[in-house]
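The chain contents come next:
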Amino acid sequence: SQKIEQNSEALNIQEGKTATLTCNYTNYSPAYLQWYRQDPGRGPVFLLLIRENEKEKRKERLKVTFDTTLKQSLFHITASQPADSATYLCALDGSSASKIIFGSGTRLSIRP
Amino acid sequence: DAGITQSPRHKVTETGTPVTLRCHQTENHRYMYWYRQDPGHGLRLIHYSYGVKDTDKGEVSDGYSVSRSKTEDFLLTLESATSSQTSVYFCAISESVQTQNQPQHFGDGTRLSIL
């Protein structure tokens, strides 16, 4: 069955550094992959989508890469700030066009 | 923010009682979803709807039913709540026929405790 792994439950880094989060998947070749941010007590908020034919996507301080050979996506936050502290979820399209599958998330903490 | 309202936001109830959670959207989106989120499991799809009166099962549908009588409302019912259904429940919506290229927009969740 399709499986997504976000291989760090938690990541702590110093303000100003680049945070890199990893999402690996198996038993599937997704057409696209999405990243979401979730703050405590809130629902996930969509950040970026990258398609299988795109190697990299950027939005302000965010960058996502998608390596279909390694079956991996990397999510980078450059010049990180304490306000970037949140849980980040990756998601990929599931077995039908209507459904996506979520990873369990990485909790990112940026210390001043 | 997408117009999604979940009610109630918090509920505590006893095992064996019926529970209904409501999701209301003002975006006129076709697709609506119910997820549960538990530590270590992430978001898991319970049921989804692709139109009025059109629903289908997700990954963890046992013990749950849904109804969608209007575009804007999607109800999740636990017919006889069990302690294993204690969780945070999220409703989500997406816009078009195919969700490729279309993100999901989430409500802020319902925290449900079954004692």
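For the structure itself, look to the data block above.
One structure accompanies this document, and this report is about it. Every residue gets a number counted from 1 within its own chain, in the order that chain's sequence is written. Key to labels: chains lettered from A, ligands numbered from 1, both in the order written. Only residues with pLDDT of at least 70 get local features here, since the model is predicted, and only at 80 or more are side-chain atom pairs given and counted; chain-wide, interface and lining totals rely on the full set of residues. Heavy atoms throughout the structure, all of them, feed into the side-chain values; hydrogens and water do not.

### Observations concerning the overall build of chain B
The helix and strand inventory of chain B stands at zero helices and 11 strands. We count a stretch as a helix when DSSP gives it H or I for four or more residues in a row; a strand needs E for two or more, and each element gets its number in order from the N terminus. Element order for chain B, N to C, with α for helix and β for strand: β-β-β-β-β-β-β-β-β-β-β. When we talk radius of gyration, it's over C-alpha atoms, and the globule rule is simply 2.2 Å times the number of residues to the 0.38. Taking 13 Å as the expected radius of gyration for a compact globule of 115 residues, we find that chain B reaches 13 Å, a close match to that expectation. Partly exposed residues are those whose accessible area sits between 20% and 50% of the maximum for their type, while under 20% is buried and over 50% is exposed, using a 1.4 Å probe and protein chains only. Relative to its full complement of 115 residues, chain B shows a buried share of 49%. Residue pairs at least 24 apart in sequence account for 55% of intrachain contacts in chain B once pairs closer than 6 positions are excluded. In the form shown here, chain B has an accessible surface area of approximately 5500 Å², with 44% of it arising from carbon and sulfur atoms. For chain B, the distance from the average site of its 11 positive side-chain charges to the average site of its 13 negative ones is 3 Å. Throughout, a residue-residue contact means that at least one pair of heavy atoms, one from each residue, lies within 4.5 Å. For accessible areas, the Shrake-Rupley method is used with a probe of radius 1.4 Å. Any residue's cover is judged against the shown protein chains and nothing else. Charged residues are defined here as Lys and Arg on the positive side and Asp and Glu on the negative side; His and the ends of the chain fall outside this count. Lysine's charge is taken at NZ, arginine's at CZ, aspartate's at CG and glutamate's at CD.

### Focus on the environment of Ser104 of chain A
Within the secondary structure layout, Ser104 of chain A lies in the loop between strand S10 (100-102) and strand S11 (106-111). Spatially, the C-alpha atoms of Ser104 of chain A and Asn7 of chain A are 9.3 Å apart, while their sequence positions differ by 97 residues.

### Quick notes on the interface of chain B and chain A
Contacts between the two partners involve 23 residues from chain B and, on the opposite side, 21 residues from chain A. When two parts are brought into contact, each loses some accessible area as probed by a 1.4 Å sphere; the total of that loss over both is the buried area. Summing both sides of the interface, chain B and chain A together bury roughly 1700 Å²; the carbon and sulfur share of this comes to 52%. We define a salt bridge as a contact between a side-chain nitrogen of Lys or Arg and a carboxyl oxygen of Asp or Glu at a distance within 4 Å. Inspection of the region where chain B meets chain A yields one salt bridge. With a closest N to O distance of 3.0 Å, Arg42 of chain A and Asp108 of chain B form a salt bridge. Secondary-structure elements contributing two or more residues to the side of chain B that touches chain A are strand S4 (31-38) and strand S5 (42-51) of chain B. Gly falls in the polar group here, along with every residue not listed as nonpolar (Ala, Val, Leu, Ile, Met, Phe, Trp, Tyr, Cys, Pro) or charged (Asp, Glu, Lys, Arg). Its residues assigned to classes, the side of chain B that touches chain A comprises nine nonpolar, 11 polar and three charged.

### A look at the nonpolar core
Among the buried residues, those of types Ala, Val, Leu, Ile, Met, Phe, Trp, Tyr and Cys that are joined through side-chain atoms within 4.5 Å form a nonpolar core. Leu21, Leu33, Trp35, Phe75, Ile77, Tyr88 and Leu108 of chain A are the most contacted members of the largest nonpolar core, which totals 22 residues. For this core, the secondary-structure elements that each account for two or more residues are strand S3 (19-26), strand S4 (32-38), strand S5 (45-51), strand S7 (62-67), strand S8 (72-77), strand S9 (86-93) and S11 of chain A. By size, the runner-up hydrophobic cluster in this structure holds 19 residues, among which are Met32, Val66, Leu76 and Leu112 of chain B.

### Side note on the side chain of Arg68 of chain B
Residues and elements named next belong to chain B. Mapped onto the elements, Arg68 comes out in strand S7 (residues 64-70). One buried charged residue, Arg68, remains without a salt bridge, the closest side chain of opposite sign being Glu72 at 7.2 Å. Pairing of N or O atoms within 3.5 Å defines a polar contact, subject to two protein rules: one partner must be a possible hydrogen donor and the other a possible acceptor, and residues neighboring in sequence count only if both atoms are side-chain atoms. A polar contact of 2.5 Å, which involves the side chain of Arg68, links it to the backbone oxygen of Arg30. For Arg68, the side chain forms a polar contact with the side chain of Ser49, separated by 2.9 Å. What Arg68 contacts, discounting residues up to four positions off in sequence, is Gln25, His29, Arg30, Tyr31, Met32, Ser49, Tyr50, Gly51, Val52, Lys53, Asp73 and Phe74.

### A short note on the packing of aromatic side chains
The geometry of two aromatic rings is summed up by the distance between their centres and the angle between their planes. Between 30 and 60 degrees the pair is tilted, below 30 it is stacked and above 60 it is edge-to-face, where a pair is any two Phe, Tyr or Trp rings, Trp via its six-membered ring, whose centres lie within 6.5 Å. This model, assessed by the stated rule, comprises 14 aromatic pairs over all chains. Summarising the aromatic geometry, the rings of Phe75 of chain A and Tyr88 of chain A are spaced 5.3 Å apart at their centres and angled 35° between planes, so their arrangement reads as tilted. Remark: Tyr88 of chain A occurs in strand S9 and Phe75 of chain A occurs in strand S8; sequence separation between them is 13 residues. The class of Phe75 of chain A is buried, set by a relative accessible area of 0%. Ring geometry for Tyr33 of chain B and Tyr35 of chain B: centres 6.2 Å apart, planes at 25°, overall stacked. One exposure class covers both Tyr33 of chain B and Tyr35 of chain B, and it is buried.

### Details of the environment of Pro8 of chain B
Take Pro8 of chain B: it is sitting in the loop between strand S1 (4-7) and strand S2 (10-13). Excluding anything up to four places from it in sequence, Pro8 of chain B contacts Thr20, Leu21 and Thr110 of chain B.

### So, the sheet that holds strand S3 (residues 19-25) of chain B
Residues and elements named next belong to chain B. With respect to topology, four strands assemble into an open sheet ordered S1-S3-S8-S7, the strand pairing being antiparallel. Whereas interior strands pair on both sides, the edge strands pair on one side only; in this sheet they are S1 and S7. Across the sheet, the axes of successive neighbouring strands diverge by a mean angle of 15°, strand direction being ignored. Pairing between two strands is assigned when DSSP locates at least 2 bridges connecting them. As paired strands, S7 and strand S8 (residues 73-78) are joined by five bridges and run antiparallel to one another. All axes are obtained by fitting lines to C-alpha atoms, using only the stretch in contact for helices, and the reported angles, taken between N-to-C directions, cover 0 to 180 degrees.

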